Amino acid sequence: MALSLEMAVATRPQLSHLRALESEAIHVMREVAAELEKPVLLFSGGKDSIVLLRLAEKAFRPAPFPFPLMHVDTGHNFAEVIEFRDRRVAELGERLIVASVQESIDKGRVVEETGPRASRNQLQTVTLLDAIAEHGFDAAFGGARRDEERARAKERVFSFRDDFGQWDPKNQRPELWNLYNGRIKKGENVRVFPISNWTELDVWEYIDSEQLEVPSIYFSHVRDVFSRDGMLYAWREGTELIDGEEIFSETVRYRTVGDMSCTGGVLSQATTLEEVVVEIAATRITERGETRADDRVSEAAMEDRKKAGYF
């Protein structure tokens, strides 16, 4: 007996929300590998890039990745994250390129900020652009998501950069029916965001469903911190305090693991993936809005950095 159309649709396996996002991201990665000549995947050891690694495994294993991994290292990263980064890359047997902000400072490419609010975070742009030019990369995968910050919500999945590495939010290519135009001129490159349509909650639910390991600082732990501008910063040797600030111990975890000089922790008791998922589901503040000082400089802070070449 032939099935009716309604019965056929009802009995057909349905993709879950996470599997649909996964499928889309894998499609994007394979498109880049097919269309572009020399891609690279940015891997910081953070949750979003951890998801990108798993997606790359599903897209290309058992073959090696058709691209290396790269981390733009400010020199002020959390030690737990750097340890995790190196161990995970070794487990995968992939190649890691470390682009160093310290080397950019030593070469005179950038000038290090001074004072208690000094940060190397904005210096990453020059280091990133220099590394892309040095290695001849024409595409770079990143873990940016549209829910992180309003400027990132303006970008396409394929975000084109001119031969100066700059981004023009008013000059982007249409992406209809999941078709991507990877044609670029010599000197241009494209930043690719396979998880652009994911939310922070999607990322954590995916990590939980795949049982992926993440750095320990994503879970609740006791750490020496100091309070500044409504944020709890991790204390590290050499940090210059402002009058009235003091170091104390607090139970925190981190929603994002960027440069220590501009990344704040949040009060939390979440010690498992399930508890983190529940906590993120209940929050109404974006991770960058709550924990990244560099995005509080002005309403257009992120967009200005992106136009100059930042991710």
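Refer to the structure presented above.
Residues numbered from 1 in each chain as written. Predicted model: local features only at pLDDT ≥ 70, side-chain atom pairs only at ≥ 80, totals over all residues. Heavy atoms only, no water.

Observations regarding the overall build of the protein
Consideration 1: Across its full length, the protein carries ten helices and ten strands.
Consideration 2: A buried classification covers 52% of the 311 residues belonging to the protein.
Consideration 3: Pairs at least 24 residues apart make up 73% of the contacts formed inside the protein by residues separated by at least 6 positions.
Consideration 4: Entry remark: accessible area of the protein is about 15,100 Å², with carbon and sulfur atoms responsible for 52%. (Helix = DSSP H or I, 4+ residues; strand = E, 2+ residues; numbered from the N terminus. Buried < 20%, exposed > 50% of the residue type's maximum accessible area, 1.4 Å probe, protein only. Contact = heavy atoms within 4.5 Å. Areas by Shrake-Rupley, 256 points an atom, 1.4 Å probe, with all protein chains shown as cover.)

Focus on the side chain of Ser-220
Consideration 1: Looking at the secondary structure, you find Ser-220 in the loop between α7 (200–210) and β7 (221–228).
Consideration 2: Classification of Ser-220 by relative accessible area gives buried; the value is 16%.
Consideration 3: Within the local environment of Ser-220, its side chain forms a polar contact with the backbone oxygen of Ser-268, the two atoms lying 2.8 Å apart.
Consideration 4: Every residue in contact with Ser-220, bar those within four places of it in the chain, is listed here: Thr-251, Val-252, Arg-253, Ser-268, Gln-269, Ala-270 and Thr-271. (Polar contact = N/O pair within 3.5 Å; in protein donor to acceptor, adjacent residues only side chain to side chain.)

Focus on the packing of helix α3 (residues 47–60) against helix α4 (residues 79–92)
Consideration 1: Viewed as axis vectors pointing N to C, α3 and α4 meet at an angle of 5 degrees, and their least axial separation amounts to 12 Å. Considered as vectors, α3 and α4 are oriented roughly parallel to each other. Within the contact between the two elements, α3 uses Ile-50, Leu-53 and Glu-57 and α4 uses Phe-84, Arg-88 and Leu-92.
Consideration 2: Grouping the amino acids of the contact of α3 with α4 by side-chain chemistry returns four nonpolar, no polar and two charged. (Axes fitted to C-alpha atoms, helices over the stretch in contact; angles between N-to-C directions. Parallel < 35°, antiparallel > 145°, perpendicular 65-115°, else oblique. Nonpolar A, V, L, I, M, F, W, Y, C, P; charged D, E, K, R; others polar.)

Thoughts on the sheet that holds strand β2 (residues 69–73)
In a beta sheet, neighbouring strands are held together by backbone hydrogen bonds and run either parallel or antiparallel to one another.
Consideration 1: Strand order in the open sheet formed by six strands is β3-β2-β1-β4-β6-β5, with mixed pairing between adjacent strands. Each end of this open sheet is capped by a strand with a single partner; those strands are β3 (96–100) and β5 (158–161). Pairwise comparison of adjacent strand axes, ignoring direction, gives a mean angle of 30 degrees for this sheet.
Consideration 2: Where strand β4 (residues 139–141) and strand β6 (residues 189–192) come together, three bridges link them in parallel fashion. Bridge assignment links Ala-139 to a residue of β6, and that residue is Val-190.
Consideration 3: Across the sheet, helix α2 (residues 17–35) touches β1 (39–42), β4, β5 and β6, and the angle it forms with β4 is around 160 degrees.
Consideration 4: Together, β2 and β3 form the strand contacts of α4, whose direction differs from that of β2 by roughly 165 degrees. (Pairing = 2+ DSSP bridges.)

Quick look at the sheet that holds strand β8 (residues 231–234)
Consideration 1: The four strands lie next to each other as β7-β8-β10-β9, forming a closed barrel whose pairing is antiparallel. Ignoring strand direction, the axes of neighbouring strands in this sheet form an average angle of 70 degrees.
Consideration 2: Pairing geometry for strand β9 (residues 248–253) and strand β10 (residues 264–267), over two bridges, is antiparallel. Bridging across to β10, Val-252 finds its partner in Leu-267.

Examining the packing of α2 against α7
Consideration 1: Two elements in contact, α2 and α7, have axes whose closest approach is 11 Å; the angle formed by their N-to-C orientations is 95 degrees. By the angle class used here, α2 and α7 are roughly perpendicular. Taking contact as the criterion, the partners of His-17, Leu-18, Arg-19, Leu-21 and Glu-22 in α2 are, on α7, Asp-202, Glu-205, Tyr-206, Ser-209 and Glu-210.
Consideration 2: For the contact of α2 with α7, the per-class residue count stands at three nonpolar, two polar and five charged.

Describing the pattern of salt bridges
Consideration 1: Tallied over the full model, the rule gives 24 salt bridges.
Consideration 2: The salt bridge partner of Glu-210 is Arg-19, with a shortest N-O separation of 3.0 Å. Within this pair, whereas Glu-210 is found in helix α7, its partner Arg-19 is found in helix α2, the two being separated by 191 residues in sequence.
Consideration 3: In this structure, Asp-48 engages Arg-145 in a salt bridge whose closest nitrogen and oxygen atoms are separated by 2.9 Å. Of the two residues, Asp-48 is situated in helix α3 and Arg-145 in the loop between β4 and β5; the sequence distance between them amounts to 97 residues.
Consideration 4: Members of the salt-bridge network, linked through shared partners, are Arg-19, Glu-22, Arg-54, Glu-57, Lys-58, Glu-83, Arg-87, Arg-88, Glu-91, Glu-210 and Glu-213. (Salt bridge = Lys/Arg side-chain N within 4 Å of Asp/Glu carboxyl O.)

What to know about the environment of Ala-79
Consideration 1: Here Ala-79 lies in helix α4.
Consideration 2: Judged by relative accessible area, Ala-79 falls into the exposed class, the value being 59%.
Consideration 3: On a C-alpha basis, the gap between Ala-79 and Pro-215 in space is 9.8 Å, while along the polypeptide they are 136 residues apart.

Digging into helix α8 (residues 273–282)
In an α-helix there are 3.6 residues to a turn, and that puts residues three or four apart on one side.
Consideration 1: Looking only at α8, the buried set comprises Leu-273, Val-276, Val-277 and Ile-280. Seen end-on, α8 carries its buried residues on one side only, within an arc spanning 100 degrees. Of the exposed residues in α8, those oriented more than 90 degrees away from the buried face are Glu-274, Val-278 and Ala-282.
Consideration 2: Where α8 is buried, its residues contact α7 and β9. (Arc of directions from axis to C-beta.)

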